[in-house]
Amino acid sequence: MGLATSSVITLHINGEKHTLPVDHRTTLLDALRERLDLTGTKKGCDQGQCGACTVLVDGHRTVACLQLAVAAEGREITTIEGVADGDRLHPVQQAFIDLDGYQCGYCTPGQICSAIGMLAEHAAGWPSAASGDVRPAAGPTPLTPEEIRERMSGNLCRCSAYTSIVEAVARAAEADASSAAGVPEPLGEAAA
Amino acid sequence: MREFDYRRASDVSGAVALLGDDPDARYLAGGTNLVDLMKSGVERPGRLVDVRELPLDRIESAPDGGLRIGATVTNSDLAAHPDVRSRYPMLTQAVLAGASGQLRNMATVGGNLLQRTRCAYFTDTTKPCNRRAPGSGCPARSGEHHNHAILGASETCVAVHPSDMAVALAALDAVVHYETADGQGELPLDQLYLPVADTPHRETALPTGALITGVFLPPVPVAARSRYRKVRERASYAFAIGSVAAALDIRDGAVHDARLAFGAVASRPWRARTAERTLIGAPATAETYAAAAAAELAAARPLPHNGYKVTLMHNLTVAVLSELAEEAAL
Ligand SMILES: Cc1cc2nc3c(=O)[nH]c(=O)nc-3n(C[C@H](O)[C@H](O)[C@H](O)COP(=O)(O)OP(=O)(O)OC[C@H]3O[C@@H](n4cnc5c(N)ncnc54)[C@H](O)[C@@H]3O)c2cc1C
Ligand code: SF4
Ligand code: FES
Ligand code: FES
């Protein structure tokens, strides 16, 4: 079998197609930052442990540092550069600004992408480790601060701005509930 | 990182053929463990066969009333599935207790089962480690081992299996289905992981090149009242230092049926059959739960720095069984 250690791939990012040759070892994170100049996505640990590199793939939040760029071909990738609607900030972005959901800002793009994905998961009825009774009969779990902390635990903040991050996410969730705009695309149930 | 070839498979036999019998090739699923280990040099594959587009991403009811879970179902989809939540709540809780929302969206059932130990010597290629480099020694025994095994370990390796999901699957009598070039096969989860013995580098009983295609759950009526509880060093987003998956059916004041498995205590999820035998038929009391925990943990052989785990597992077992009993009484 012939051995190819690089490929020309096409990535779909924020609604645009980018065709580029990549060494197979390139992570999606490095492709975004080093090759496509999309430096909003941050590199913290590069080991899946901090969430700074969170991007949405096919609508789901994921970490870009443990994905190979070549494996992301064909998927819809949304980075922090793509979450606003033109000049109108995404409600989660607006809430982080209004409530100071950061100090240095390094973890913020990851926090915001993660919160967008998390709100869609919650809207789809997904339980979390903080939800006592996970049985569907128990009904949907309200997005309490405890639920937000658990669901956002994959995003570390070295400035420890957690208190205002939780408030910002709660504010964005209220905005979602009260206006159709900004409601994330509903996620499909797992194939039932 | 070593350079590698990348192939994407679209059907099961194609994936198995692409991997072939090449000892240097690996299946790539979510990549959350494999890519990490490739960065640290623990894994140095020459070829990756990406399995995420295989048609193995569904959860279906089986004719016997159980569930068939495809190998590429994400951890998130598994935890959120209504049938899993209502019929096997301990499985949803176990999956949700692991990793983070982002990682669960990437991680798959097959990859979760085959994730490697988090022993710090295993992931550091500058250190000896019998599991990674057979015969090189085990620095954990005399070194850092506060989160290592208390059950079923050997002189050569005392590492624990890190999966939460697999602990619930062990309690639920899950069966792992796989495919090789020679056809299909299956292994009860209890037999998937090999005893450590003096060959810790041989981790599973899967034949060479086997692709896990799915995990089948039999109907387990007792699991409708079940629970997974995990103890860790922080409240969320950390591996277990001890965990319990338990199901309990109490009738007329006695334990009619029970399931129990322990996590983070052995090189594999630890089905606590001795404890189950103690429980079944005995009065549903805290004394019984304590006797069951003690019976299982009689085999514990803690190391100098992880003796706390014996107490932890004892208390955790009693607490979870008592909670389930209280819930049943409501
Ligand atoms: C920061 C962090 C925290 C974590 N915390 C937890 C935790 O608390 N609890 C927990 O349980 N886990 C935890 N994990 C581990 C995580 O659950 C696993 O990495 C994940 O489940 C692996 O699944 P994957 O699909 O990404 O596998 P991959 O990384 O793609 O593969 C893992 C292994 O399985 C093999 N493989 C994959 N699919 C198949 C298949 N179908 N057939 C045969 N072989 C296959 C691969 O070749 C590879 O050897 C954590 C991981 C990280 C990075
Ligand atoms: S406990 Fe096992 S994995 Fe850890 S260093 Fe020893 S041999 Fe390696
Ligand atoms: S950089 Fe990806 S999780 Fe830290
Ligand atoms: S704001 Fe500085 S790391 Fe979070």
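Parameters and conventions
Residues numbered from 1 in each chain as written. Chains lettered and ligands numbered in written order. Predicted model: local features only at pLDDT ≥ 70, side-chain atom pairs only at ≥ 80, totals over all residues. Heavy atoms only, no water. Near = heavy atom within 4 Å. Polar contact = N/O pair within 3.5 Å; in protein donor to acceptor, adjacent residues only side chain to side chain. Areas by Shrake-Rupley, 256 points an atom, 1.4 Å probe, with all protein chains shown as cover. Helix = DSSP H or I, 4+ residues; strand = E, 2+ residues; numbered from the N terminus. Pairing = 2+ DSSP bridges. Axes fitted to C-alpha atoms, helices over the stretch in contact; angles between N-to-C directions. Buried < 20%, exposed > 50% of the residue type's maximum accessible area, 1.4 Å probe, protein only. Arc of directions from axis to C-beta. Contact = heavy atoms within 4.5 Å. Salt bridge = Lys/Arg side-chain N within 4 Å of Asp/Glu carboxyl O. Nonpolar A, V, L, I, M, F, W, Y, C, P; charged D, E, K, R; others polar.

Asks: Sorry if this is basic, but what is going on with the site of ligand 1 here?
Replies: By nearness alone, 33 residues border ligand 1, and B:Tyr27, B:Thr32, B:Leu34, B:Thr108 and B:Asp164 come closest of all. The environment of ligand 1 is shared, with nearby residues belonging to chains A and B. Residue B:Ala29 places a main-chain N or O atom 2.9 Å away from an oxygen atom belonging to ligand 1. Contact with the protein chains covers 95% of the free accessible surface of ligand 1, which is 980 Å². Listed by contribution, the elements that provide at least two residues to the shell around ligand 1 are strand 2 (25-28), helix 7 (109-113) and strand 8 (211-217) of chain B. No other element matches the three residues that helix 7 of chain B contributes to the shell around ligand 1.

Asks: Where do I start with the sheet that holds strand 3 (residues 47-50) of chain B in this structure?
Replies: Hydrogen bonds between backbone groups are what pair the strands of a sheet, and the pairing can be parallel or antiparallel. Residue and element names in this part refer to chain B. If you walk across this open sheet you meet the three strands as 1-3-2, and the pairing is parallel. At either end of the open sheet lies a strand with only one pairing partner, and these are strand 1 (5-8) and strand 2. Taking each pair of neighbouring strands and ignoring which way they run, the sheet shows an average axis angle of 25°.

Asks: Help me understand helix 1 (residues 12-19) of chain B, please; the structure alone is not making it clear to me.
Replies: An α-helix turns once per 3.6 residues; consequently, residues spaced three or four apart project the same way. Residues and elements named next belong to chain B. Buried within helix 1 are the following residues: Val12, Ala15, Val16, Leu18 and Leu19. For helix 1, the buried positions fall inside an angular range of 160° around the axis, keeping them on one side. Among the structural elements, strand 1, strand 2, strand 3, strand 6 (175-180) and strand 8 are those in contact with the buried residues of helix 1. Looking at the residues trailing helix 1, positive phi occurs at Gly20, about 60°.

Asks: Whenever I open this one, the pattern of salt bridges confuses me. Can you help?
Replies: Side chains that differ in sign of charge can pair as their charged atoms come close. Residue and element names in this part refer to chain B. Throughout the structure, instances matching the rule amount to 33 salt bridges over all chains. Ionic pairing is found between Glu323 and Arg229, a salt bridge with its closest N-O pair at 2.2 Å. In this pair, Glu323 sits in helix 12 (residues 308-329) while Arg229 sits in strand 9 (residues 226-231), placing the two residues 94 residues apart along the sequence. Judged by relative accessible area, Arg229 falls into the partly exposed class, the value being 33%.

Asks: Honestly, the site of ligand 2 in this entry has me stumped. Any pointers?
Replies: Neighbouring residues of ligand 2: 14 residues in total, closest B:Cys119, B:Cys129, B:Cys138, B:Cys157 and B:Val158. The residue makeup of the shell around ligand 2, split by class, is ten nonpolar, three polar and one charged.

Asks: What's the story with the side chain of B:Asn33 in this structure? I'm lost.
Replies: Residues and elements named next belong to chain B. Of note, Asn33 is situated in the loop between strand 2 and helix 2 (34-39). A distance of 2.9 Å separates the side chain of Asn33 from the backbone nitrogen of Arg116, its partner in a polar contact. Apart from residues no more than four positions distant in its own chain, Asn33 is found in contact with Gln115, Arg116 and Arg118.

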